[in-house]
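Observations on the three-dimensional arrangement
Residues per chain are reported as follows:
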Amino acid sequence: MPKVLVLTGGGDCPGLNAVIRGVVKRAAKERNWEVYGSIEAFNGILNEPQEIIKLTKKRTAGIHVKGGTILKTTNKSNPLQYPQTMPDGSIQFIDKTDELAKKLNQWEFDAVINIGGDGSQRISKALFEKGIPVIGVPKTIDNDLSATDMTFGFHTAVQTATDSFDKLVTTAESHHRVMIMEVMGRDAGWIALHTAIAGGAEICLIPEIPYDIKKLVKRIDLRYKGGKGFVNIVIAEGAKPKQGDITATAGEKGSEHVRLGGVAFKLSKQLKEAGCKAEIRETVLGHVQRGGTPTAFDRVLASLFGVKAFEMVLTKQFGQMVAFRNNSITQVSLDEATRENNYVNRDSYLIKAARGLGISFGA
Ligand code: F6P
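The rules behind each value
For every chain, the first residue of the written sequence is number 1, and numbering continues from 1 along that sequence. Predicted model: local features are reported for residues with pLDDT of at least 70 only, side-chain atom pairs are reported and counted for 80 or more only, and whole-chain, interface and lining totals are derived from all residues. Think of the side-chain values as coming from all heavy atoms in the structure, minus any hydrogens and water. A cavity, in this analysis, means grid points on a 1 Å lattice covering only the protein atoms where a 1.4 Å probe fits yet has no way out; a pocket is instead an open set bounded by protein on both sides within 12 Å along at least five of seven lines, and a residue lines either one if it has an atom within 4 Å of a point. Grid points are joined across faces, edges and corners, and a volume is the space filled by probe spheres set on the points. For helices the rule is a DSSP run of H or I covering at least 4 residues; for strands it is a run of E covering at least 2, with both sets numbered from the N terminus onward. Definition of nearness: a residue and a molecule or strand are near each other if at least one heavy atom of the residue lies within 4 Å of the molecule or strand. Throughout this description, a polar contact denotes any pair of N or O atoms lying within 3.5 Å of each other; where both atoms belong to protein, one of them has to be capable of donating a hydrogen while the other can accept it, and for residues adjacent in sequence the pair is counted only when both atoms sit in side chains. For the area figures, the Shrake-Rupley method with a 1.4 Å probe applies, and any residue is considered shielded solely by the protein chains shown. Only Asp, Glu, Lys and Arg are considered charged in this grouping, and only Ala, Val, Leu, Ile, Met, Phe, Trp, Tyr, Cys and Pro are considered nonpolar; every other residue, Gly among them, is considered polar. Marked domain ranges trace back to an automatic or database domain assignment. Under this scheme, a helix contributes an axis fitted over its contacting stretch, all axes are lines through C-alpha atoms, and angles between N-to-C directions fall in the 0 to 180 degree range. Working definition: roughly parallel below 35 degrees, roughly antiparallel above 145 degrees, roughly perpendicular at 65 to 115 degrees, and oblique for all remaining angles. Helix crossings get a hand from a simple test, with the near helix turned counterclockwise from the far one by less than a right angle marking a left-handed crossing and a clockwise turn marking a right-handed one. Residues count as neighbours in contact if any of their non-hydrogen atoms are within 4.5 Å of one another. Only Phe, Tyr and Trp rings are paired, with Trp represented by its six-membered ring, and only when their centres lie within 6.5 Å; those with planes under 30 degrees apart are stacked, over 60 edge-to-face, the remainder tilted. Burial classes follow relative accessibility: with a 1.4 Å probe on protein chains only, a residue under 20% of its type's maximum area counts as buried, one over 50% as exposed, and anything between as partly exposed. Only Lys NZ and Arg CZ are tested; either one counts as a charge over a ring when it is within 6 Å of the ring centre and within 35 degrees of the ring normal. Pairing between strands requires that DSSP locate at least two bridges from one strand to the other. We define a nonpolar core as any set of buried Ala, Val, Leu, Ile, Met, Phe, Trp, Tyr and Cys residues linked to one another through side-chain atoms lying within 4.5 Å. Once two parts are joined, some of their accessible surface, as seen by a 1.4 Å probe, is lost; buried area is that loss totalled over both. Each reported salt bridge corresponds to a side-chain nitrogen of Lys or Arg within 4 Å of a carboxyl oxygen of Asp or Glu.

Thoughts on the layout of surface pockets
Of the voids in this model, the second largest pocket is the one considered here, and its volume is about 160 Å³. Met1, Val24, Ala27, Ala28, Arg31, Trp33, Glu34, Val35, Lys54, Leu55, Thr56 and Lys57 are the residues that line the second largest pocket. The set of elements that each furnish at least two residues to the lining of the second largest pocket consists of helix 1 (16-28) and strand 2 (34-38). For the lining of the second largest pocket, the element with the highest residue contribution is helix 1, accounting for 3 residues.

Structure follows, in structure tokens:
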């Protein structure tokens, strides 16, 4: 029986389970294929005892409505730089790709479907170049992969952020306050920008447009003077002032990335120091944006990605990633998919339209 291994790596996001179910359902139509899942990304196959589970239609029934991933995930199992704890407690990074290839052969897997973000797809590309038959499926709430017009998870994250924003508006209004809401997105401002437009923010701060604190104070003052006694700000976790840096702390040992977060508090302090008289409160949305049930849009996108990924296995289109482009589901090479990230273009119509709606970027 031909076999395919599915895994989810990096941060989770709503829609992962819909991809898994899509693969399993499509594979079942072929009758002779078997689908397996590796628990916690590559850990399931690399660690002893191994954790590989058989994914059947019964096991995956109805999971598309559930957030998270039934396969669990981690951002600390990169087989190219696998973190190994040494006897003295230090961590060293070793290349485990040969071991991975050997174990995949022992299991007689004909293909691997790697569902993950930019970091995971760079791993997919490296594994493919080492001869492992990999197909990538893009996921991330950040929407920062350039080869696909949208990643699943993003729509749900924007909906969650918008729901929270709406709640902050009513309390801002009651107390005549400035409310700062910090959202995720790493170095891309997609979640912040979409939430600001959907919610009707006065100010939106994104990494792609460094802000001028004096302009922000002026804008807030004007709004209070004009009789609107409250201001709602959306700030992306990677946003930075014109003179300054992003707010980041070192990631945990072996983690893929530094940790962002806390920029809302930084902005609040900067506003006060620059003379903002209004009362300010800060909300850091954090991981709620990654949780919960996927929106219908994300369920559809993720399900189509799952079906397509399996069809690419059937046609042996290895070294490719599923993509959503020009309103259709297609594929791109992992090479192209990992070349650059997708950032908000400050000259785009989206930014122009946001400005047209009166949103300030503090620039
Ligand atoms: O890449 C997705 C993301 O949610 C980012 O928006 C955020 O910076 C990061 O992951 C948080 O990662 P962790 O789950 O490791 O805190």
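Notes on the environment of alanine 250
Looking at where alanine 250 falls in the secondary structure, it is placed in the loop between strand 11 (248-249) and strand 12 (259-260). Separated by 10 residues in the primary sequence, alanine 250 and leucine 260 have C-alpha atoms spaced 8.8 Å apart.

A short note on the site of the ligand
Every residue near the ligand is listed here: Asn75, Ile141, Asp142, Met184, Gly185, Arg186, Glu237, His257, His287 and Arg290. Side-chain polar atom of aspartate 142 to an oxygen atom of the ligand: 2.6 Å apart, as the coordinates give it. Notes on the ligand: free accessible area 400 Å², of which the protein chains cover 83%. Looking at the shell around the ligand residue by residue, the classes come out as 2 nonpolar, 4 polar and 4 charged. The residues that make up the shell around the ligand include at least three from each of domain 1 (3-152 + 294-337) and domain 2 (157-290).

Looking at the packing of helix 1 against helix 10 (residues 296-314)
When two helices pack together, their arrangement is given by the angle between their axes and by how far apart the axes lie. Where helix 1 meets helix 10, the axes come as close as 7 Å, and the angle between the chain directions of the two elements is 45°. Considering their axes alone, helix 1 and helix 10 lie oblique with respect to each other. The two elements helix 1 and helix 10 cross, and the hand of that crossing is right-handed. Side by side, helix 1 and helix 10 meet where Ala18, Val19, Arg21, Gly22, Val23, Arg26 and Ala27 of the first sit next to Arg299, Ala302, Ser303, Gly306, Val307, Phe310, Glu311 and Leu314 of the second.

Quick word on the packing of aromatic side chains
The tally for this structure, following the rule as stated, stands at 5 aromatic pairs. Plain terms: the ring middles of tryptophan 107 and phenylalanine 109 are 5.6 Å apart, the flat faces sit at 5° to each other, and that makes the pair stacked. Its relative accessible area of 24% is what places tryptophan 107 among the partly exposed residues. One aromatic cluster in this structure is built from Tyr36, Trp107 and Phe109. The ring of phenylalanine 230 carries the charged tip of arginine 223 above its face, separated from the ring centre by 4.8 Å.

A word on the pairing of strand 14 (residues 320-325)
Two strands pair when backbone bridges link them, and strand 7 (residues 134-138) and strand 14 are joined in this way by 2 bridges, in the parallel orientation. Its bridge partner lying in strand 14, glycine 136 is registered against methionine 321. Pairing of strand 14 with strand 15 (residues 328-333) involves 6 bridges; the strand directions are antiparallel. In the sheet register, phenylalanine 324 faces strand 15, and the bridge partner there is isoleucine 329. As consecutive antiparallel partners, strand 14 and strand 15 are separated by 2 residues, and within that stretch asparagine 326 has a phi angle of approximately 45°, a positive value.

Some remarks on the pairing of strand 8 (residues 178-183)
For strand 8, the tally of buried residues reaches 6 of 6 residues, placing the bulk of the element in the interior. In strand 8, alternate side chains face the same way, and those of Val178, Ile180 and Glu182 on one face and Met179, Met181 and Val183 on the other are all buried. Strand direction decides the pairing type here: strand 8 and strand 10 (residues 231-236), joined by 6 bridges, are parallel. Looking across to strand 10, one finds that glutamate 182 is bridged to isoleucine 235. Pairing of strand 8 with strand 13 (residues 280-284), which is carried by 5 bridges, proceeds in the parallel orientation. Each bridged residue has a counterpart across the sheet, and for valine 178 the counterpart in strand 13 is isoleucine 280.

Looking at the environment of alanine 309
Mapped onto the fold, alanine 309 is located in helix 10. In this structure alanine 309 comes out as buried when scored by relative accessible area, which is 0%. For the pair formed by alanine 309 and phenylalanine 230, sequence separation is 79 residues and the distance between their alpha carbons is 48 Å. If near-sequence neighbours (up to four positions away) are discounted, alanine 309 is found in contact with Ile113, Ile135, Val137 and Val322.

Re the nonpolar core
Buried together is how nonpolar side chains tend to be arranged in soluble globular proteins. Counting residues in hydrophobic clusters, the biggest one holds 65 residues, and the most contacted among them are Val6, Ile113, Ile115, Val137, Phe152, Ile191 and Phe361. By residue number, the principal contributor to this core is helix 6 (residues 154-175), which donates 8 residues. Among residues more than four places away in sequence, those in contact with isoleucine 115 are Val6, Leu7, Thr8, Gly9, Leu16, Val19, Ile20, Gln121, Val137, Lys139 and Phe152.

Notes on the domain arrangement of the chain
In terms of domain boundaries, the chain breaks down into domain 1 (3-152 + 294-337) and domain 2 (157-290). Centre-to-centre separation of domain 1 and domain 2, based on C-alpha positions: 33 Å. Across the domain 1 to domain 2 interface the summed buried area is about 1,300 Å²; carbon plus sulfur atoms make up 56%. For the domain 1 face of the interface with domain 2, the top three residues by lost area are Asn75, Ile141 and Asp142, together amounting to 40%. The closest approach of N and O atoms between aspartate 12 and arginine 290, which form a salt bridge, is 2.8 Å. Its residues placed into classes, the side of domain 1 that touches domain 2 shows 6 nonpolar, 6 polar and 4 charged.

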